[in-house]
Amino acid sequence: MKRFVIMLGFIMMFVYIRVEGNLNMYINTRYSYLSVMTISILSLLCVVEFIRVFREERAEEKRKEAKAAEREVGEVLGAPGLPDSKELHNRSGIHAELDNHRAHHHGHEDHAYREREDRIAQHDHAHDHDPIHHSHGHDHDHGHDGHSHGNTTRLQRAFTYLILCFPIYTGIFLPVQTLDSSFVKAKGFSFPNLDTSANNPGNHQFLRPDTSIFYGKDGYDKLKKKELTEFAGKSEIHLTDEDYLKGMEVLYNFPGEFMGKTVSFDGFAYKGEQVEGNHYFVFRFGFIHCAADSGVFGMLVDFPKGTVLKDDDWVHVTGTLSSELYQPFKQTLPVLEATSWSRMDAPKNPYVYRSF
Amino acid sequence: MLIPIDWQVAPVKAFYQLNTIFLSMIMEAIPFVLVGVLISGIIQSFISERWIARIMPKNRILSTLLGASIGVFFPSCECGIVPITKRLLNKGVPLQAGIGFMLTGPIINPIVLFATYIAFGNDWKMVFIRCGMAFVVAVCVSIILSLLFPEMPLKEYTFQGSRRASSAESEAGISAESETACTIDPAVQEEAKAPKLPAGVKARRILDQLYQVCLHGIDEFFSVGKYLVIGAFIAASMQTFIPTSYLMKLGNTPLMASLIMIALAFIMSLCSEADAFIASSFRSTFSVGPLSAFLVFGPMIDIKNTLMLLGTFHKRFVFALIGFVTIFTLIGSLVVGRLFG
């Protein structure tokens, strides 16, 4: 029954997160079918577990009845000189063993096995009985791989259930924490390295352009055409939530195509320790699959003199794309020279998602 | 000025962020684990030991190659594959084939390879490198492990054929035929009887078998689930509290770079469908060799599935497995770096 409750708990957690509309705080909603799949499989297993518990209880009752009846029969047949006494002895031995099994784990199939044992015992010779019983014993073990035997498992099982309850509890009762600049720090993306950009699939091309080894000539051209045509035609590029990641990737892949063009996007400010003056990074967290593989995607922005921003201040920036040798990285980076910018409230959904 | 705020708020916030990462890992892994345990149940109920014995080559190398190839048909990730492997081994699949399957399964499958293709700019090169290296590493590791562990290193090994053969107290007076008769899977017995039965009874039997599949699935889910939860929690903590950037500074030589990418793959515990995108983002820092190490090692071994492995296999075996996978991935990545870097 505990298993039933825990699986139900998982279903509730998944449903709760979906109903609250928080699914996109955890995973890229392109993969929301995964949670639907989880809910349906778990529901099926819940039903099966319920049937199992129900059957087990019924079997328990029947067994009690059968035992009572048997005791009566045993008393009657207990007379000496009975030809079947050996077999009878054998049978009671099996019952003892089965009871033993039951003591260790609530065997749901006991009843079925016993019926079979009884049938066999009635029709077959006692010698044949033994190996067959043996093989059933194995089957029985199979069914209970999950919990092993012995008294220590009581504690272990309690431990298992406790652990499985943990994500259900935190999923339902703890607030969703959006990833922000503090997580950029926690992840240790310090700026002397390329690590802010390390999680940005776009940066590499620009930072080290000789990556043609990764692209076959044809593949490179195809990719270039496909992605470029989406953005290169425009004189002004306004990145929205939907095309943020794709747009950033293109900007970093083909900076030459976009120099001098007007670009605008939203993001939170992040002041790296090495960023001097009115330079801020403007970032958004992007999900590939889920929060676990998320990273920051964005651009270095040169704000007008005297701009003071705190980490996590959300801004909308518009500016001209240029590049400069950025000393901390000792490399040329694309930089947005902000022509105008405004503060904005943090959007309801701060994340952007990769679409394929 | 910031310090008092940090002391009070930051730890709580960091924990909530950790929790968010943790839950997202759970949410992404559980569906695959569920599919894995159901497949495991289906194997238990519908695939007979005899059938496996028939198709499995006796030759050690051939069986390894077969095991390392069937992953193509099981689009599974590294969390779901442990219960499947455990069940296959219990059905009499030899160790080398089972491990070969377990190691390549999460890599050599259409979904993962397609994701790799996309992540690396629609190019097949990285796909072939990943595929080929994973196959070679898996085959080498499997063969060596099967030589080192002649006894099945499973915690609960229930394959009857070998147990009976090895057990000294095997019952006297049982002929060879009766023994095989005993070890036949119930499914086969059912099959043999089936023609005589009316359709209704037959349908009932199948329904009953499906019921058994689900029961096995539940058992398996509860035996594997706790390792998934603990593993995801550790991985999420690592992501939150260990600044991965410090690792990157160390990657000067090809050997160190490969080692660091292996460590990253272990710590990050990414799903094998997503890891190609992360790998491609490291292209600015690392060359093809270390990247291939990341792409091959991650799906084979990471924090999540190490705990699952520890729950299924003996400790010594798990450490040997991790050790050999590390060594061969290192060698492989250095070779790849030489050939393609």
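Not measured: the values here are computed from a predicted model.

1. Thoughts on the overall build of chain A
Each helix and strand counted, chain A has 13 helices and seven strands in total. Out of the 356 residues in chain A, the part that is buried amounts to 51%. Taking the intrachain contacts of chain A between residues at least 6 apart in sequence as the baseline, contacts between residues at least 24 apart amount to 69%. Put simply, chain A shows about 17,200 Å² of open surface, and 56% of that area lies on carbon and sulfur atoms.

2. Side note on the packing of helix 4 (residues 81-90) of chain B against helix 11 (residues 199-241) of chain B
All names here are of chain B. Following both chains from N to C, one finds helix 4 and helix 11 inclined at 120°, their axes separated by 10 Å at the closest point. When the interaxial angle is binned, helix 4 and helix 11 end up oblique. In this structure, helix 4 crosses over helix 11, and the sense of that crossing is right-handed. On helix 11, the residues that touch Pro83, Lys86 and Arg87 of helix 4 are His216, Glu220, Ser223 and Val224. For the contact of helix 4 with helix 11, the class distribution of residues is two nonpolar, two polar and three charged.

3. Details of the pairing of strand 4 (residues 295-302) of chain A
Residues and elements named next belong to chain A. The buried count for strand 4 comes to eight of eight residues, which makes it a mostly enclosed element. Note that strand 3 (residues 279-287) and strand 4 share eight bridges and pair antiparallel. Paired with phenylalanine 281 across the strands is leucine 300, a residue of strand 4.

4. A word on the packing of aromatic side chains
Applying the stated criterion across every chain, the model contains 25 aromatic pairs over all chains. With 5.6 Å between their ring centres and 50° between their planes, phenylalanine 166 of chain A and phenylalanine 22 of chain B make a pair best called tilted. Remark: phenylalanine 22 of chain B occurs in helix 1 (residues 3-46) and phenylalanine 166 of chain A occurs in helix 7 (residues 152-173); the pair is interchain, linking two chains. With a centroid separation of 6.0 Å and an interplanar angle of 70°, the aromatic rings of tyrosine 244 of chain A and phenylalanine 265 of chain A are classed as edge-to-face. With tyrosine 244 of chain A in helix 12 (residues 244-253) and phenylalanine 265 of chain A in strand 2 (residues 262-270), this pair connects stretches of sequence that are 21 residues apart. Exposure class is identical for tyrosine 244 of chain A and phenylalanine 265 of chain A. Each is buried. Three or more aromatic residues link up through ring pairs in this structure, and these residues are Phe268, Tyr270, Phe281, Phe283, Phe285 and Trp314 of chain A. Its end group placed over the ring of tyrosine 211 of chain B, arginine 55 of chain A keeps NZ or CZ at 4.4 Å from the ring centre. In this arrangement the basic side chain of arginine 284 of chain A is found over the ring face of tyrosine 244 of chain A, its NZ or CZ atom lying 5.7 Å from the centre.

5. Some words on unusual backbone geometry
All names here are of chain A. Phi is positive for aspartate 312, which is not a glycine, with a value near 75°. Mapped onto the secondary structure, aspartate 312 falls in the loop between strand 4 and strand 5 (314-326). According to the relative accessible area criterion, aspartate 312 is partly exposed, its value standing at 25%.

6. Let's talk about the nonpolar core
Side chains of a nonpolar character, in soluble globular proteins, are inclined to be buried together. Residues and elements named next belong to chain B. With 147 residues, the main nonpolar core has Ile99, Phe294, Met300, Phe313 and Leu321 as its most contacted residues. The dominant element in this core, judged by the number of residues it contributes, is helix 1, at 15 residues. When neighbours within four sequence positions are excluded, isoleucine 99 is seen to be in contact with Ser142, Leu145, Phe313, Phe317 and Leu321.

7. Observations regarding the environment of alanine 279 of chain B
All names here are of chain B. You can see alanine 279 is positioned in helix 14 (residues 275-281). When its relative accessible area of 0% is taken as the criterion, alanine 279 is described as buried. For alanine 279 and phenylalanine 120, which are 159 residues apart along the polypeptide, the C-alpha to C-alpha distance reads 8.7 Å.

8. Some words on the environment of glutamate 257 of chain A
Tracing the backbone through its elements, the reader meets glutamate 257 of chain A in helix 13 (residues 255-258). Residues glutamate 257 of chain A and isoleucine 237 of chain A, 20 residues apart in the sequence, show an inter-C-alpha distance of 12 Å.

9. Let's talk about the environment of lysine 64 of chain A
All names here are of chain A. Along the chain, lysine 64 turns up in helix 3 (residues 32-77). The exposed category is assigned to lysine 64, whose relative accessible area is 57%. Residues lysine 64 and leucine 309, 245 residues apart in the sequence, show an inter-C-alpha distance of 76 Å.

10. A look at the side chain of asparagine 278 of chain A
Secondary-structure assignment places asparagine 278 of chain A in the loop between strand 2 and strand 3. Leave out the neighbours within four places in its chain, and asparagine 278 of chain A touches Val301, Asp302, Phe303, Pro304, Lys305 and Gly306 of chain A.

11. Re the confidence of the model for chain B
Close inspection of predicted coordinates is inappropriate for parts of the model with low pLDDT. Residues and elements named next belong to chain B. Per-chain confidence: chain B averages 79 in pLDDT, with 82% of residues scoring 70 or above. When pLDDT is averaged over each helix and strand of chain B, the minimum, 39, is found for helix 9 (residues 176-183) and the maximum, 92, for helix 17 (residues 315-340). Residue range residues 162-194 is modelled with pLDDT below 50. Its contacts to residues more than four positions away, or to other chains, number 39 contacts. For this predicted complex, the interface score ipTM comes out at 0.73, while the overall pTM is 0.72.

12. Comments concerning the pattern of salt bridges
Enumeration according to the criterion identifies ten salt bridges over all chains in this entry. The salt bridge involving arginine 3 of chain A is made with aspartate 219 of chain B; its shortest N-O contact spans 2.7 Å. Taken together, the residues arginine 3 of chain A in helix 1 (residues 2-19) and aspartate 219 of chain B in helix 11 connect one chain to another. Each member of the pair, arginine 3 of chain A as well as aspartate 219 of chain B, carries the same accessibility label: buried. Salt-bridge contacts for arginine 284 of chain A lead to aspartate 241 of chain A; the nearest nitrogen and oxygen are separated by 2.7 Å. Within this pair, whereas arginine 284 of chain A is found in strand 3, its partner aspartate 241 of chain A is found in the loop between strand 1 (236-238) and helix 12, the two being separated by 43 residues in sequence. The exposure class of arginine 284 of chain A is buried, given its relative accessible area of 2%. Owing to a relative accessible area of 37%, aspartate 241 of chain A belongs among the partly exposed residues under this scheme. In the salt-bridge network here, residues are joined through shared partners; they are Glu49, Arg52 and Glu56 of chain A.

Conventions adopted
Residues numbered from 1 in each chain as written. Chains lettered and ligands numbered in written order. Predicted model: local features only at pLDDT ≥ 70, side-chain atom pairs only at ≥ 80, totals over all residues. Heavy atoms only, no water. Helix = DSSP H or I, 4+ residues; strand = E, 2+ residues; numbered from the N terminus. Buried < 20%, exposed > 50% of the residue type's maximum accessible area, 1.4 Å probe, protein only. Contact = heavy atoms within 4.5 Å. Areas by Shrake-Rupley, 256 points an atom, 1.4 Å probe, with all protein chains shown as cover. Axes fitted to C-alpha atoms, helices over the stretch in contact; angles between N-to-C directions. Parallel < 35°, antiparallel > 145°, perpendicular 65-115°, else oblique. Left-handed = near helix turned anticlockwise from the far one by under 90°. Nonpolar A, V, L, I, M, F, W, Y, C, P; charged D, E, K, R; others polar. Pairing = 2+ DSSP bridges. Phe/Tyr/Trp six-rings, centres within 6.5 Å; stacked < 30°, edge-to-face > 60°. Lys NZ or Arg CZ within 6 Å of the ring centre and 35° of its normal. Core = buried A, V, L, I, M, F, W, Y, C linked by side-chain atoms within 4.5 Å. pLDDT = per-residue confidence, 0-100. Salt bridge = Lys/Arg side-chain N within 4 Å of Asp/Glu carboxyl O.

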